[in-house]
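# Overview (structure and organization)
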Amino acid sequence: MKAKKVLFITQEITPYVSESPLSVMGRELPQYIQEKGREIRTFMPKWGNINERRNQLHEVIRLSGMNLIIDDTDHPLIIKVASIQSARMQVYFIDNDDYFLHRQMVADEEGNEYADNDERAIFYARGVLETVKKLRWCPEIIHCHGWMSAFAGMYIKKAYNDEPSFRDSKVVYSTYGDDFQHPIEPGLGARAMLKGLEQKDLDVLNGIKSCLDMEKMAVAYSDGLILNSENCKPELAEYAKELNTPILPFQADDAAFKEACSDFYDEVWSAGKE
């Protein structure tokens, strides 16, 4: 059984940000999957260092305008879009002045990490899911890349599990070994609270103290784990094994790895559907 629609919730995509293993994969894997005949949608945050004029971003008015409440504060959701012409691929950007305007990815220009990176990730995950709902699009596989997408799996499985767009979706999480070092402030459960989360989910959230803990949460609410680097933290693969979650190991051969990702989608999608 093949998965026909794949949603990419990606932390970085080149050429919008500098090249890194994550941004290159964020650019190349969706194109590869699309060229194999699958329908895709691709999202990333609108980091403050993205040049909107050069990259021809424009706001999608019909998708913007919602407020997302995080820790009792309203944060307007702005959706922008651009196209990578050579790949015939559209990219949606999640934007908000509080979390992204004039702000870099993990740290400011002087190297000081942002203390609210967890809140930024919460806003990003919810922003993507609300936008996909508005698009009335129903992905079978949702591939989350990097710590910035870590909250998506929990929300899909618990808060959005009755939504037609996500009712049958399977979640795959990719880890790259990148992270931030700033400790996560207490009270994450209150900041991430959303209708549908249970007390056990809040207990998990309130136990998160680090970026590694955030990624372990992402694994806990995923149907598959992909190791996208030789530098992935071994704790994540060990945790996935404890949960009997399927794992796709890293492969240095780029073409073979992309093909393996495509096959892994079908393996995850077919699980329990025979």
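Residues numbered from 1 in each chain as written. Predicted model: local features only at pLDDT ≥ 70, side-chain atom pairs only at ≥ 80, totals over all residues. Heavy atoms only, no water.

### Observations concerning the packing of aromatic side chains
What the rule picks out here adds up to 9 aromatic pairs. Arranged with centres 5.0 Å apart and planes meeting at 90°, the rings of Tyr-16 and Phe-93 form a pair that is edge-to-face. Note that Tyr-16 is positioned in the loop between strand S1 (5-10) and helix H1 (21-35) and Phe-93 in strand S7 (residues 89-95), a separation of 77 residues in sequence. This pair shows no difference in class: Tyr-16 is buried, exactly as Phe-93 is. (Phe/Tyr/Trp six-rings, centres within 6.5 Å; stacked < 30°, edge-to-face > 60°. Helix = DSSP H or I, 4+ residues; strand = E, 2+ residues; numbered from the N terminus. Buried < 20%, exposed > 50% of the residue type's maximum accessible area, 1.4 Å probe, protein only.)

### Focus: the side chain of Arg-126
Mapping Arg-126 onto the fold places it in helix H2 (residues 117-135). One buried charged side chain, Arg-126, makes no salt bridge at all; its nearest oppositely charged neighbour is Glu-130, positioned 5.7 Å away. Each residue touching Arg-126, except ones within four places of it in the same chain, is listed here: Leu-68, Ile-69, Ile-70, Tyr-155, Tyr-160 and Leu-194. (Lys, Arg positive; Asp, Glu negative; His and termini not counted. Salt bridge = Lys/Arg side-chain N within 4 Å of Asp/Glu carboxyl O. Contact = heavy atoms within 4.5 Å.)

### A closer look at the pairing of strand S5 (residues 73-76)
Across 4 bridges, strand S4 (residues 67-70) lies against S5 in antiparallel orientation. What sits directly across from Asn-67, in S5, is Pro-76. Between S4 and S5, which pair antiparallel in sequence order, lie 2 residues; one of them, Asp-71, sits at a positive phi of approximately 55°. (Pairing = 2+ DSSP bridges.)

### Quick look at the state of the cysteines
Overall, the coordinates contain 0 disulfides when judged by the stated rule. Cysteine Cys-261 remains unbridged, with the sulfur of Cys-232 as its closest cysteine sulfur at 12 Å. (Disulfide = S-S within 2.5 Å.)

### Here we look at the nonpolar core
Residues Tyr-16, Met-44, Phe-151, Tyr-155 and Leu-205 are the most contacted members of the largest nonpolar core, which totals 94 residues. Here this core takes 9 residues from H2, the largest share from any one element. Beyond its immediate stretch of four places on either side in the chain, Met-44 contacts Thr-10, Gln-11, Glu-12, Ile-13, Tyr-16, Val-17, Ile-50, Val-91, Tyr-92, Phe-93, Ile-94 and Tyr-124. (Core = buried A, V, L, I, M, F, W, Y, C linked by side-chain atoms within 4.5 Å.)

### As for the pattern of salt bridges
Tallying each qualifying case throughout the model produces 17 salt bridges. Where Lys-157 meets Asp-223, a salt bridge forms, and the shortest distance between an N and an O atom there is 2.6 Å. Here Lys-157, found in helix H3 (residues 152-159), pairs with Asp-223, found in the loop between helix H6 (211-220) and strand S10 (224-227); they are 66 residues apart in sequence, far enough to count as distant. With relative accessibility at 26%, the residue Lys-157 sits in the partly exposed group. Asp-223 gets classed as partly exposed once you look at its relative accessible area, which sits at 22%. When the shortest N-O distance is used, the salt bridge between Glu-198 and Lys-158 registers 2.8 Å. Note that Glu-198 is positioned in the loop between helix H4 (188-192) and helix H5 (199-206) and Lys-158 in helix H3, a separation of 40 residues in sequence. The class of Lys-158 is buried, set by a relative accessible area of 16%. Salt bridges linked by common partners bring Lys-46, Glu-52, Lys-80 and Asp-95 together as one network.

### Quick word on the packing of H2 against H3
Interhelical geometry of H2 versus H3 gives an angle of 50° and a closest axis separation of 9 Å. By the criterion of interaxial angle, the relationship of H2 to H3 is oblique. Pair H2 / H3 crosses with right-handed handedness. Counting all contacts with H2, which are made through Ile-122, Ala-125, Arg-126 and Leu-129, the residues of H3 involved are Ala-152, Tyr-155 and Ile-156. Of the residues contributing to the contact of H2 with H3, the split by class is 6 nonpolar, no polar and 1 charged. (Axes fitted to C-alpha atoms, helices over the stretch in contact; angles between N-to-C directions. Parallel < 35°, antiparallel > 145°, perpendicular 65-115°, else oblique. Left-handed = near helix turned anticlockwise from the far one by under 90°. Nonpolar A, V, L, I, M, F, W, Y, C, P; charged D, E, K, R; others polar.)

### Structural notes on H3
In terms of residue burial, H3 counts as a mostly covered element, since 6 of its 8 residues are buried. Within H3 the residues assigned to the buried category are Ala-152, Gly-153, Met-154, Tyr-155, Ile-156 and Lys-158.

### Focus on the packing of H6 against helix H7 (residues 234-242)
At their nearest, the axes of H6 and H7 sit 10 Å apart, and the two run at 30° to each other. Put simply, H6 runs roughly parallel to H7. The crossing of H6 and H7 is right-handed. Taking contact as the criterion, the partners of Leu-212, Glu-215, Lys-216, Val-219 and Ala-220 in H6 are, on H7, Glu-235, Leu-236, Tyr-239 and Ala-240. Classifying every residue of the contact of H6 with H7 gives 6 nonpolar, no polar and 3 charged.

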